[in-house]
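# Survey of secondary and tertiary structure
What follows is the residue order along each chain.
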Amino acid sequence: MKTYHQKPSEVQRNWLLVDADNQVVGRLATQIATLLRGKHKPTYTPSLDGGDFVIVINAEKIKITGRKADQKVYYRHSGYPGGIKATPYKMMLTKHPDRILRIAVKGMVPKNRMGRRLMTKLRIYAGSKHPHAAQQPIAWTPR
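A brief look at the structure comes next. Owing to the predicted nature of the structure, the values given are computational and were not obtained by experimental measurement.

What follows is about the overall build of the protein. Secondary structure summary: the protein contains 5 helices and 6 strands in total. Walking the protein from its N terminus toward its C terminus, one meets helices and strands in the order β-α-β-α-β-β-α-α-α-β-β. C-alpha extents for the protein along the principal axes are approximately 55 × 35 × 30 Å. Within the span of the protein, comprising 143 residues, buried residues form 37% of the whole. Considering only residue pairs separated by 6 or more positions, the protein has 68% of its internal contacts joining residues 24 or more positions apart.

So this is what it looks like as structure tokens:
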């Protein structure tokens, strides 16, 4: 038997709608990364971007386990000496709830060109409304 390798012209991309209401961040992020990468399809090819577009709604209603709500801190650096910035989880949830999930998913995709391209197919919205009705997204329930 020969191993099947999908060609870029054979890729079928769907739009999937994921509701993050009352979901745990890490568990949801792993499933979103799988959808973006295309590992849920029988035509999965590791060297090819064969995944689907993912729309996440209700990112502000996401939850986190344990004492992470009090202890978790997000760091970023400007590149200059002393330019580190720290944002606690609770502040990030109130100001930018979409970034929490985006950072979690970004850590689960490949750290190369393909990973950056996969992240462009992820759309995250804090509320329940999204502007992608024309794409007719299919509702997807996390397992």
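Our focus in this paragraph is the pairing of strand β4 (residues 84–88). Successive residues of a regular strand alternate their side chains across the two faces of the sheet. Bridge count between strand β3 (residues 73–77) and β4: 5 bridges; the pairing is antiparallel. Bridge pairing links Tyr75 to Ala86 in β4. The loop that links β3 with its antiparallel partner β4 comprises 6 residues; one of these, Gly79, has a positive phi angle of about 100 degrees.

Procedures and definitions
Residues numbered from 1 in each chain as written. Predicted model: local features only at pLDDT ≥ 70, side-chain atom pairs only at ≥ 80, totals over all residues. Heavy atoms only, no water. Helix = DSSP H or I, 4+ residues; strand = E, 2+ residues; numbered from the N terminus. Buried < 20%, exposed > 50% of the residue type's maximum accessible area, 1.4 Å probe, protein only. Contact = heavy atoms within 4.5 Å. Pairing = 2+ DSSP bridges.

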